[in-house]
Amino acid sequence: MELITQLRAVRSRYEEISLRLQDPAAISDNARYRALMKDYKNLTPIVEAYDAYCAAERAFEEARSLLETSGIDAELRELAQTEYSENRDAMAQLNKRLKLLLLPRDENDDRSVIIEIRGGAGGEEAALFAHSLFRMYTIYAESRGWRHEVLSVNETELGGMKEVSFSIEGEGVYSRMKFESGVHRVQRVPETETQGRVHTSTVTVAVMPEAEEVEVEINPADLKIDTFRSSGAGGQHINKTSSAIRVTHLPTGMVVECQDERSQYKNKDKALKVLRSRLLAQKQAEYNSEIAEKRRSQVGTGDRSERIRTYNFPQGRLTDHRIGLTLYKLNTVMNGVLDEVIDALCAADQAERLKASAEE
């Protein structure tokens, strides 16, 4: 009964927003209109599922009433029995879906993200795997129609990445990419290994929701901005101008470097973009102990003992340790086919939240 009460309230809110979206005053106020459209879009799947549930319930009751009627012929009874069974099953499925849809949403799920990948334990091999993860994520982003842009990168002479920061922009990016935060462990024979021994290395991945400028105000007086010459692997100069930017946020000690662009102004904009997202993540962590714990694990030391996932190349195996998922299709995953892994993580997260909701 409580579920039906919630759904009726959602429908009432949905109809109210629908009317307000037709109000010229709302249409002329861009910020207000965007906020209303966001709410309307979030409520639409709930209302559609509720309507489908009501339709199935009506058909179910009609079939049950018919089955309870005496004297109907065998053909009509068989038809009614089919309707009864099909709509009973549909109601059960829709009930489950509605419970999921009514779970509190992560307010960041619709956001774009900034991802930071850093080589951990393993030296050059860790840097090479950091590049492999960067490639995997960007291919995955392209497959979903998302846009990505490198914000900062520190490359090695062998083509690895000591660290790389990049943005992925699109609808619902954070809702899927947030599960990638943590320590990723790789087991493989490095190209530099002459005796064919398998080495273990680690890479840390931090996924942060992208912050809007209005959400995180940065006082220019709190910033120390240094310029230096952009350099490539091994110190090779990319250009002779001091276009690279190092931004230090004095109150927190956060440091962001960006040298990907030849323009000093573009590098500064990108560095501030990363800084805002880091500050937003820190702000959220201060008010939520769970997020604080998650954030600490995201920017961990990269020690081999910490891990969320293992990539074992000799066995062609990927194992996600959080949910006990093992797939023997590592090459496919490394080529950006990540949906099977992420779908499993989303399902596990939903199941855990449903369980917690039922226990409250």
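Residues numbered from 1 in each chain as written. Predicted model: local features only at pLDDT ≥ 70, side-chain atom pairs only at ≥ 80, totals over all residues. Heavy atoms only, no water.

**Concerning the overall build of the protein**
Inference 1: A count of helices and strands for the protein gives 10 helices and 11 strands.
Inference 2: Classification of the 360 residues of the protein by burial places 41% in the buried group.
Inference 3: When contacts within the protein are restricted to residue pairs at least 6 apart in sequence, those whose partners lie at least 24 apart make up 63%. (Helix = DSSP H or I, 4+ residues; strand = E, 2+ residues; numbered from the N terminus. Buried < 20%, exposed > 50% of the residue type's maximum accessible area, 1.4 Å probe, protein only. Contact = heavy atoms within 4.5 Å.)

**Concerning the packing of helix α1 (residues 2–20) against helix α3 (residues 30–67)**
Inference 1: Contact pair α1 / α3: the axes reach a minimum separation of 9 Å and the direction vectors enclose 135°. One element, α1, and the other, α3, form an angle in the oblique class. For the pair α1 and α3, the crossing hand works out as left-handed. When α1 is examined against α3, the residues Ile 4, Leu 7, Arg 8, Val 10, Arg 11, Arg 13, Tyr 14, Ile 17, Ser 18 and Arg 20 are found in contact with a partner set consisting of Arg 32, Leu 36, Asp 39, Tyr 40, Leu 43, Thr 44, Ile 46, Val 47, Tyr 50, Asp 51 and Tyr 53.
Inference 2: A breakdown of the residues in the contact of α1 with α3 according to their chemical character gives 12 nonpolar, two polar and seven charged. (Axes fitted to C-alpha atoms, helices over the stretch in contact; angles between N-to-C directions. Parallel < 35°, antiparallel > 145°, perpendicular 65-115°, else oblique. Left-handed = near helix turned anticlockwise from the far one by under 90°. Nonpolar A, V, L, I, M, F, W, Y, C, P; charged D, E, K, R; others polar.)

**Looking at the pairing of strand β1 (residues 113–119)**
Inference 1: With five of seven residues buried, β1 lies mostly within the body of the structure.
Inference 2: Bridge count between β1 and strand β3 (residues 161–169): six bridges; the pairing is antiparallel. Along β3, the bridge assignment pairs Ile 117 with Val 164.
Inference 3: Summarising the sheet, β1 and strand β5 (residues 199–209) pair through seven bridges and their orientation is antiparallel. Residue pairing in the sheet places Gly 119 in a bridge with Val 203 of β5. (Pairing = 2+ DSSP bridges.)

**Points about the confidence of the model for the protein**
Inference 1: Across the protein, pLDDT averages 84, with 86% of residues at or above 70.
Inference 2: Note on residues 294–305: pLDDT is under 50 here. Beyond four places in sequence and across chains, it has 27 contacts. (pLDDT = per-residue confidence, 0-100.)

**Thoughts on the sheet that holds strand β10 (residues 317–320)**
Inference 1: One open sheet accounts for eight strands, arranged β2-β3-β1-β5-β4-β9-β10-β11; its pairing is mixed. The open sheet is flanked by β2 (147–155) and β11 (325–327), the only strands paired with a single partner. Here the strands of the sheet are splayed against their neighbours by 15° on average, with no regard to which way each runs.
Inference 2: Sheet strands touched by helix α5 (residues 124–143): β1, β2, β3, β4 (182–188), β5 and β9 (309–312). Its angle to β3, the strand with the most contacts, is close to 10°.

**Focus on the side chain of His 184**
Inference 1: The topology assignment puts His 184 in strand β4.
Inference 2: Looking at His 184, the relative accessible area reads 0%, which means it is buried.
Inference 3: At 2.8 Å, the side chain of His 184 forms a polar contact with the side chain of Tyr 311. (Polar contact = N/O pair within 3.5 Å; in protein donor to acceptor, adjacent residues only side chain to side chain.)

**Side note on the environment of Leu 280**
Inference 1: As for its position among the elements, Leu 280 is in helix α7 (residues 264–287).
Inference 2: Taking the C-alpha atoms as reference points, Leu 280 and Glu 212, 68 residues apart in sequence, are found 9.2 Å from one another.
Inference 3: If we skip the residues at most four places from it in the chain, Leu 280 touches Arg 111, Pro 209, Glu 210, Ala 211 and Val 216.

**Some points on the pattern of salt bridges**
Once the charged atoms of two side chains with opposite charge are near each other, the side chains can pair.
Inference 1: Summed over all chains, the structure comprises 25 salt bridges.
Inference 2: A salt bridge links Lys 329 to Glu 340; the nearest nitrogen and oxygen atoms lie 3.0 Å apart. Residue Lys 329 is located in the loop between β11 and α9 (330–334), and its partner Glu 340 is located in helix α10 (residues 339–359); the two are separated by 11 residues in the primary sequence.
Inference 3: If you follow the salt bridges from partner to partner, you end up with Arg 13, Glu 16, Arg 20 and Asp 39 in one network. (Salt bridge = Lys/Arg side-chain N within 4 Å of Asp/Glu carboxyl O.)

**A closer look at the sheet that holds strand β6 (residues 223–228)**
Inference 1: In spatial order, the strands read β6-β7-β8; together these three strands make up an open sheet with antiparallel pairing. Edge positions in the open sheet fall to β6 and β8 (254–258), since each of these has one partner strand only. For this sheet, the mean angle separating the axes of adjacent strands, direction not counted, is 15°.
Inference 2: Two strands pair when backbone bridges link them, and strand β7 (residues 244–249) and β8 are joined in this way by five bridges, in the antiparallel orientation. Bridge assignment links His 249 to a residue of β8, and that residue is Met 254.

**Some words on the pairing of β8**
Inference 1: Burial along β8 is one-sided: Met 254, Val 256 and Cys 258 are buried, while Val 255 and Glu 257, pointing the other way, are not.
Inference 2: Hairpin connection from β7 to β8: four residues lie between these consecutive antiparallel strands, with Gly 253 at a positive phi of about 80°.

**Quick notes on the environment of Tyr 33**
Inference 1: Relative to the helices and strands, Tyr 33 resides in helix α3.
Inference 2: Separated by 10 residues in sequence, Tyr 33 and Asp 23 place their C-alpha atoms 9.7 Å apart.
Inference 3: With residues near it in sequence (within four places) discarded, Tyr 33 still touches Leu 21, Ala 26 and Ile 27.

**A look at the nonpolar core**
The tendency in soluble globular proteins is for nonpolar side chains to be buried side by side.
Inference 1: Counting 37 residues, the largest nonpolar core has Ile 115, Ile 117, Leu 133, Tyr 137, Met 177 and Tyr 311 as its most contacted members.
Inference 2: Elements with a contribution of two residues or more to this core: β1, α5, β3, α6 (173–177), β5, β11, α9 and α10.
Inference 3: Of the residues forming this core, the biggest block, eight residues, is contributed by α5.
Inference 4: Filtering out sequence-adjacent residues up to four positions away, Leu 133 remains in contact with Ile 117, His 184, Val 203, Val 205, Tyr 311 and Met 334.
Inference 5: If you look at the next biggest cluster of nonpolar residues, it comprises 21 residues, including Ala 26, Leu 36, Leu 94 and Leu 102. (Core = buried A, V, L, I, M, F, W, Y, C linked by side-chain atoms within 4.5 Å.)

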